[in-house]
Each structure stands twice: as structure tokens, then as C-alpha cells.
Amino acid sequence: MTLALCIDLPDWARSMEDSTRCFTDDTEKMRFAIDLSRRNVEAGSGGPFGAAIFERATGRLLSLGVNSVIRLQSSVLHAEMLAIMRAQHSLGSYTLHRPDLPVYELFSSCEPCAMCLGGILWSGVRRLVCAAPAASARAIGFDEGPVYPESYGYLENSGIEVVRGLLADEAHTVIADYRDRGGPIYNA
């Protein structure tokens, strides 16, 4: 059996993945990730989660991801995983950490689940910046899996800088809006 996968963004998101766009600071990058999550909810194209990968030195956008679990019928297509897969495909590399590549960072609208933390560890990004706490996702019924303070310590001990809570209230609002709209909780 041959399996061909097409892992694409929703129509509304394709035009937002502009590799010529540069962002000036962490707040602007996080607002972009949160805006992705908000648009995903408003368009009904997925869960309330968005992520983007940037070149750290220049702020250039490499890739983005939005939660696509239901839209593409795959439990692994969380926003972070989609952003990682699209970044690696764009570079033609299984890792984003090579001597000939810039340093990359991932911005996520919510603290990652257990799967995404593993994906981040293996992706090659050197910095993770999160907005809403995982408790925001858990509060509406999402099971984030076995994520502990030690999970973040493991990332840091592996050379990945971790920043948590940037614009957390803005990101939490998107998650609450998803709940209020009756968005499906697909892993409860």
C-alpha cells in the first residue's frame, strides 16, 4: 500500500505564510501565533492553537501551523507539529539545527502537549516561547498528556531556551472563545 500525505494549511492561512515577512520582537511574533489560533477558530478550520517558526536573528517567518486534527483527520496534526513539518520540508532537512542554518525559534499560542514537547525536542528549534498555560486547554477538556515541570527542564538541559506565559491572557481568550462556540474536544 502506498500512502501519500498532503499536509496543507487551510486556505485562509496559506497567504499568511510569507517567508519575506520579518517580525521585530517576541510580542509581535506571539501576537502572530495567537492570531493564527483566533482565525482557526473563527474559520471553523480547527482547534484554538497556532504556532510559527522564525529565524531568531532576523525575525523572518519560516513556517506556521494551525491545529488541523479534525480538518485533516490526524491526531498528530497539532499546530506545533504542523509548523515543524512545514519548516523542515521547506528547508529539505529533518532538523532545524545544523551549522549551515540560522537558529530557529518556535512560538506557540499555548504550552505544548506531551507529543509536541517531544517533537520540539527533536525538531532542532533552539527556543520555545509559549502563551497560554496548558491549564487553559485542560480547563475546556483537552488532555495534554504527561507534561511536568521536569519536561521543560529537559528541553532546557538539551539546549532549548524556554519562555512561558507571553501574552497568556490574550491566548486564553481564544481558547475560551473556542469553548463558547462549542468547538469539539477531540481527545477528551
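That block above? That's the structure.
This is a predicted model, so every value here is computed, not measured. (Residues numbered from 1 in each chain as written. Predicted model: local features only at pLDDT ≥ 70, side-chain atom pairs only at ≥ 80, totals over all residues. Heavy atoms only, no water.)

*Asks:* Even after reading the chapter, I still don't get the pairing of strand 4 (residues 127–132), so can you show me in this structure?
*Replies:* The side chains of a regular strand alternate, residue by residue, between the two faces of the sheet. Counted residue by residue, strand 4 has 6 buried out of 6 residues, so it is predominantly covered. Across 5 bridges, strand 3 (residues 104–110) lies against strand 4 in parallel orientation. When the bridges of strand 4 are listed, Cys-110 appears paired with Ala-132. Note on the crossover from strand 3 through helix 4 (residues 114–123) to strand 4: the handedness is right-handed. Summarising the sheet, strand 4 and strand 5 (residues 161–163) pair through 3 bridges and their orientation is parallel. By the bridge assignment, Arg-127 is partnered in strand 5 with Glu-161. (Buried < 20%, exposed > 50% of the residue type's maximum accessible area, 1.4 Å probe, protein only. Helix = DSSP H or I, 4+ residues; strand = E, 2+ residues; numbered from the N terminus. Pairing = 2+ DSSP bridges. Right-handed = clockwise from strand over helix to strand, strands pointing away.)

*Asks:* Explain helix 6 (residues 149–157) here, please?
*Replies:* Side chains three or four residues apart in an α-helix point the same way, a direct result of the helix having 3.6 residues per turn. Buried within helix 6 are the following residues: Ser-151, Tyr-152 and Leu-155. Across the axial projection of helix 6, the buried residues extend over an arc of 95°, all falling on one side. Seen from the buried face of helix 6, the exposed residues on the opposite side, beyond 90 degrees, are Pro-149, Glu-150, Tyr-154 and Asn-157. Packing partners of the buried residues in helix 6 comprise helix 4, strand 4 and strand 5. Phi turns positive, to about 95°, at Gly-159, one or two residues after helix 6. (Arc of directions from axis to C-beta. Contact = heavy atoms within 4.5 Å.)

*Asks:* Got a minute to help me understand the packing of helix 2 (residues 26–43) against helix 7 (residues 168–180) in this structure?
*Replies:* Packed helix pairs are characterised by how far apart their axes lie and by the angle those axes make with each other. Running from N to C, helix 2 and helix 7 cross one another at 10°; their axes reach a closest spacing of 10 Å. As far as their axial angle goes, helix 7 and helix 2 are roughly parallel. The residues of helix 7 that touch helix 2, namely those facing Arg-31, Ile-34, Ser-37, Arg-38 and Val-41, are Glu-170, Ala-171, Val-174, Asp-177 and Tyr-178. Of the residues assigned to the contact of helix 2 with helix 7, the class counts are 5 nonpolar, 1 polar and 4 charged. (Axes fitted to C-alpha atoms, helices over the stretch in contact; angles between N-to-C directions. Parallel < 35°, antiparallel > 145°, perpendicular 65-115°, else oblique. Nonpolar A, V, L, I, M, F, W, Y, C, P; charged D, E, K, R; others polar.)

*Asks:* Looking at this structure, how should I read the packing of aromatic side chains?
*Replies:* Geometrically, a pair of aromatic rings is defined through the distance of the ring centres and the angle of the planes. A full pass over the atoms with the stated rule returns 7 aromatic pairs. Each member of the aromatic cluster is reached from another via a ring pair, and the members are Phe-23, Phe-32, Phe-54 and Phe-107. Lying over the aromatic face of Tyr-152, Arg-164 brings its terminal NZ or CZ to 3.9 Å of the ring centre. (Phe/Tyr/Trp six-rings, centres within 6.5 Å; stacked < 30°, edge-to-face > 60°. Lys NZ or Arg CZ within 6 Å of the ring centre and 35° of its normal.)

*Asks:* Explain the sheet that holds strand 2 (residues 61–66) here, please?
*Replies:* Strands belonging to one sheet form pairs held by backbone hydrogen bonds; the direction of such a pair is parallel or antiparallel. The strand order across the open sheet formed by 5 strands is 2-1-3-4-5, and the pairing between neighbours is mixed. Strands with a single pairing partner mark the edges of an open sheet, and in this sheet they are strand 2 and strand 5. Strand-to-strand twist in this sheet, taken as the mean axis angle between neighbours without regard to direction, amounts to 15°. Packed onto the sheet, helix 3 (residues 79–91) meets strand 1 (50–55), strand 2 and strand 3 and runs at close to 145° relative to strand 2. Each of strand 3 and strand 4 is contacted by helix 7, which is oriented at about 60° to strand 4, the strand it contacts most.

*Asks:* Quick question: what am I supposed to make of the pattern of salt bridges here?
*Replies:* Two side chains bearing opposite charge may form a pair once their charged atoms approach each other closely. All told, the structure shown has 18 salt bridges when counted by the stated rule. Among the salt bridges present, the one from Arg-14 reaches Asp-11, with a minimum N-O distance of 2.5 Å. Of this pair, Arg-14 and Asp-11 both sit in helix 1 (residues 11–14), 3 residues apart, roughly one helical turn. You can call Asp-11 exposed: its relative accessible area is 59%. The partner of Glu-17 in a salt bridge is Arg-86, and the shortest N-O contact between them spans 2.5 Å. Taken together, the positions of Glu-17 in the loop between helix 1 and helix 2 and Arg-86 in helix 3 put the pair 69 residues apart, joining distant regions of the chain. Judged by its relative accessible area of 22%, Glu-17 falls in the partly exposed class. If you follow the salt bridges from partner to partner, you end up with Asp-26, Lys-29, Arg-56, Glu-105, Arg-127 and Glu-161 in one network. (Salt bridge = Lys/Arg side-chain N within 4 Å of Asp/Glu carboxyl O.)

Worth remembering: the numbers are spatial, not functional.
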